[in-house]
Amino acid sequence: MNKKLILIIFICLNFSLSAQELKDYTQTINGTDLSFDMKAIPAGSFQMGSTSGKPDEQPVHTVELDGFWMGIYEVTWDLFEPFLYKDFEAVKSNDGKIPVNVDAVTRPTKPYLDMTFGMGKAGHPAIAMTHYNAIQFCKWLYERTGVFYRLPTEAEWEYACRAGSDDKYTFGDDESMLGDYAWYLDNSDGTTHKVGEKKSNAWGLYDMHGNVSEWTYDQYADDFYVSSPSKNPVNKPTKLYPHSLRGGAYDDDANLLRSASRLPSKAAWKQLDPQIPKSNWWFPEAPFVGFRLVRPVMPPSKEEINAYYNQAPIPDR
Amino acid sequence: MSNFNSLHQQRRDFLKASAAIAGSAMLSSIPLMGHSSVNDTIKVALVGCGGRGSGAIDQALSTKFNLELVAMADAFKDRLDECFKNTSEKHKDKVKVPDDHKFVGFDAYKKAIELADVVILATTPGFRPIHFEEAIKQGKHVFMEKPVAVDAPGIRKVLATAEEAKRKKLNVVVGLQRRYQANYRETIKRIQDGAIGDIVSGQVYWNSGGVWVHPRKPGQTEMEYQMRNWYYFNWLCGDHIVEQHVHNIDVANWVKGSYPVSIQGTGSQAWRKGKDYGEIYDNHAVELTYADGSVIYSQCRHFEGTSNRVDETFQGTKGRTFLSSNNAGRLWDQKGTMLYNHPTKDQKNPYQTEHDELFESISKGEYNHWDAEYGAKSTLTGIIGRYATYSGQVIKWDDALNANNSLMPDVLTWDAKPKVLPNEEGLYPVAQPGLFQWDKA
């Protein structure tokens, strides 16, 4: 077979696969006993933003999105730690070895501090990583699985959180129900909790409200909604600060957990890093930051994947 | 001024202590010669230009006072050059370091100290005693990083130098930044005022995943290898019970208002083994026993995959407390009712506060900082912890303080041999409890 024919077959296969296969699945990580669950999120449109929130949530505007998969849970330390510690990854691997392509991935500098802040590891969301760190984790996963994972865009995150709802929260406007769905200031006892202990939203996603604020890929701009495109919008990041986080955290009050609420990242989250240059990998003063994974229905080209993963970190002095 | 009460308390404690010294002068807030006006430029030298030294000079130059960096010293030229570049980019008007004021090598510190009014000491801990001694001998104010020594002879040098600094009214701040962090100051002030009664027990932790390795490079001498991988060698680092855990141990001593009379413990290399990891242990569990019979438990480890925590808890006769560098400061009574909960968000950076307060005192010509004594005694607490876990013996404070086991190599050149060397397989000797003699060099 010539290369062209293979390419055509590949494209057809890929297209038909992607159209049909948008259903829930479990991603295993070969050579380890690690796995995680992905939820199919159908293509559709929704009203992004809120008229009752802060000015940066306005104007409310229609957004149309392609389908994607999203992590049912926030990424936990169980998954994150083999990326953080190569020695630990080797121990967790069935044959005690790390594949060459995985070995080549740049890993976080080992944090001088404890980045769990004593809040627990097994089943708890991984926390305090920078935006760059979260993307490099996706790259490690890609090398491990061959599947392109990335951060959600802000629009994808809000669409998935709302799961068809136009209300303040995914379950409606009644704040008194928030404790059934979320860990936040009133019920968290000042700590993260194991993922998936509260009720899921209508699309089967857990902890979209609360537990940890979740990274999106977007650069935060308070006026982005004024000029946002309607189809698959993303405010591509070019600066180190601020990026947009969503969902609120264990130490936030109810208002910051709303589906439309946006949190800009801050340089001050690194002030407890006593070194210069400051670490590209950690926010010692942001134990409330985590993330969850997204996989687009249409996988990007190899060039696009490389461009996504291989952006050099912006120095932080 | 959130720091006022704490400083005041510190000063009161110190004056109480120094009143016992016959003929001691009235020390606090006496205007000194020199920087009586904020318009005078304060000249700063940086000794130790690694990541922490670069951070410390950034903080010094970020204070509102009129500072200039005039000299730099480091054992390694590449570290000095990188620090100079980073610092110049951020503070270009305040960096006045011509090439002939950049000093490289083991003896670089002396020349840099000469050129300054204030010296920042941020090399690896093993050199701190000789650098501090030189700075005070030359009459300079000092900011020095923790820990302040790695062995008992080093501690004695720092304590003697601390006395000289007091006589000369030279401000000394030690980088135990919890002493400059509002949650610690506010919570411990309440404990000292009796909010939870007398402290009868406590637990302090530094359990984390460990730190960097710089793999051995071809052509490196053993001295250069150890200097680049200083964390894993006791003559440079003191083991992580000293280098890191000193922070939590210092909180224990601060809360108790005293120092242990005896220490025992256990430890090992359990997780982190092999030629990359030198001679230090990866876990220590230690009991600190104080004169009143109370015991503080101290635990530190560098494991991967395990649960972690870096914080301090104490139990009193009327309640309990939880403290962490993540700005937590909480007090409860015996029934579990919260008495105090320090806000955790939008807090000042304690690494900056150290420098803000030091340079405020210096620019006003005041003498307000004498951290070296508690810095040395909390460092010694960690060192005795290491002696205890390595040897498996119960060690008395006074015996340890008087030990003559200097870890410092006899000669400091790139070709000289450190005292601990690898075997043919590249492995370093690791202390074996029951066999290791803590009081022998």
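Up top you'll find the structure we're talking about.
Note that the structure is a prediction, hence the values are computed from the model and not measured.

Cut-offs and rules
- Residues numbered from 1 in each chain as written.
- Chains lettered and ligands numbered in written order.
- Predicted model: local features only at pLDDT ≥ 70, side-chain atom pairs only at ≥ 80, totals over all residues.
- Heavy atoms only, no water.
- Buried < 20%, exposed > 50% of the residue type's maximum accessible area, 1.4 Å probe, protein only.
- Helix = DSSP H or I, 4+ residues; strand = E, 2+ residues; numbered from the N terminus.
- Pairing = 2+ DSSP bridges.
- Phe/Tyr/Trp six-rings, centres within 6.5 Å; stacked < 30°, edge-to-face > 60°.
- Lys NZ or Arg CZ within 6 Å of the ring centre and 35° of its normal.
- Patch = residues over 30% accessible without salt bridge, like charges linked within 9 Å, V, L, I, M, F, W, Y side chains within 5 Å.
- Areas by Shrake-Rupley, 256 points an atom, 1.4 Å probe, with all protein chains shown as cover.
- Salt bridge = Lys/Arg side-chain N within 4 Å of Asp/Glu carboxyl O.
- Lys, Arg positive; Asp, Glu negative; His and termini not counted.
- Charge placed at Lys NZ, Arg CZ, Asp CG, Glu CD.
- Contact = heavy atoms within 4.5 Å.
- Axes fitted to C-alpha atoms, helices over the stretch in contact; angles between N-to-C directions.

*Asks:* Requested: an account of the pairing of strand S10 (residues 295-302) of chain B, with residues and values cited.
*Replies:* Residue and element names in this part refer to chain B. The buried fraction of S10 is high, at six of eight residues. Sheet analysis places strand S7 (residues 199-208) next to S10, joined by eight bridges and oriented parallel. Paired with valine 204 across the two strands is serine 298, which belongs to S10. Between strand S9 (residues 283-289) and the antiparallel strand that follows it, S10, lie five residues; glycine 293 among them carries a positive phi value of about 90°.

*Asks:* Would you mind going over the packing of aromatic side chains in detail, with residue names and values included?
*Replies:* Applying the stated rule across the entire model yields 45 aromatic pairs over all chains. For the pair tryptophan 269 of chain A and phenylalanine 283 of chain A, a centre-to-centre distance of 5.4 Å together with 90° between the ring planes defines the contact as edge-to-face. In this pair, tryptophan 269 of chain A sits in the loop between strand S8 (262-264) and strand S9 (289-290) while phenylalanine 283 of chain A sits in the loop between S8 and S9, placing the two residues 14 residues apart along the sequence. Both residues of the pair, tryptophan 269 of chain A and phenylalanine 283 of chain A, belong to the buried class. Counting every residue linked through ring pairs, the aromatic cluster contains Trp77, Phe80, Phe83, Phe137, Trp140, Trp282 and Phe291 of chain A. Positioned above the aromatic ring of tyrosine 225 of chain B, the side-chain terminus of arginine 216 of chain B is 3.8 Å from the ring centre. Directly above the aromatic system of phenylalanine 288 of chain A lies the positively charged group of lysine 345 of chain B, at a separation of 4.6 Å from the ring centroid.

*Asks:* Describe a negative patch on the surface, and please don't skip the residues or the numbers.
*Replies:* Residues and elements named next belong to chain A. On the surface, a cluster of negative charge is made up of Asp166, Asp167, Asp173, Asp174, Glu175, Asp186 and Asp253. Mapped onto the secondary structure, aspartate 174 falls in the loop between helix H6 (154-162) and helix H7 (178-181). Assessed through its relative accessible area of 38%, aspartate 174 is described here as partly exposed.

*Asks:* Pulling in residues and values, what's your account of the sheet that holds strand S8 (residues 262-268) of chain B?
*Replies:* Residue and element names in this part refer to chain B. Strand order in this open sheet of nine strands is S14-S13-S12-S11-S7-S10-S9-S8-S15, and the pairing throughout is mixed. Strands with a single pairing partner mark the edges of an open sheet, and in this sheet they are strand S14 (338-341) and strand S15 (395-396). Pairing between strand S12 (residues 319-324) and strand S13 (residues 329-333): five bridges, direction antiparallel. Looking at the pairing, leucine 323 lines up with glycine 329 of S13. Contacts from helix H7 (residues 182-192) reach S7, strand S11 (309-316), S12, S13 and S14, with the element oriented near 165° to S12. Sheet contacts for helix H10 (residues 246-256): S7, S10, S11 and S12; angle to S7, the most-contacted strand, approximately 165°.

*Asks:* Quick rundown of the environment of phenylalanine 288 of chain A? Include the residues and the values.
*Replies:* With respect to the helices and strands, the residue phenylalanine 288 of chain A is situated in the loop between S8 and S9. With relative accessibility at 7%, the residue phenylalanine 288 of chain A sits in the buried group. For the pair phenylalanine 288 of chain A and tyrosine 250 of chain A, spaced 38 residues apart in the sequence, the C-alpha separation amounts to 6.9 Å. Among residues more than four places away in sequence, those in contact with phenylalanine 288 of chain A are Val212, Ser213, Ala249, Tyr250, Asp251, Leu263 and Trp269 of chain A together with Lys345 of chain B.

*Asks:* Which residues make up the pattern of salt bridges, and what values go with them?
*Replies:* Pairing between side chains of opposite charge can happen when the charged atoms of each approach one another. In the structure shown here, the tally under the stated rule is 44 salt bridges over all chains. The salt bridge involving arginine 52 of chain B is made with glutamate 145 of chain B; its shortest N-O contact spans 2.7 Å. Of this pair, arginine 52 of chain B sits in helix H2 (residues 51-61) while glutamate 145 of chain B sits in the loop between strand S5 (141-144) and helix H6 (152-168); the two residues are 93 residues apart in sequence, bridging distant segments of the chain. Like arginine 52 of chain B, the residue glutamate 145 of chain B is buried in the burial classification. Residues joined in a network through salt bridges with shared partners are Glu154, Glu158, Arg162, Arg246 and Arg262 of chain A.

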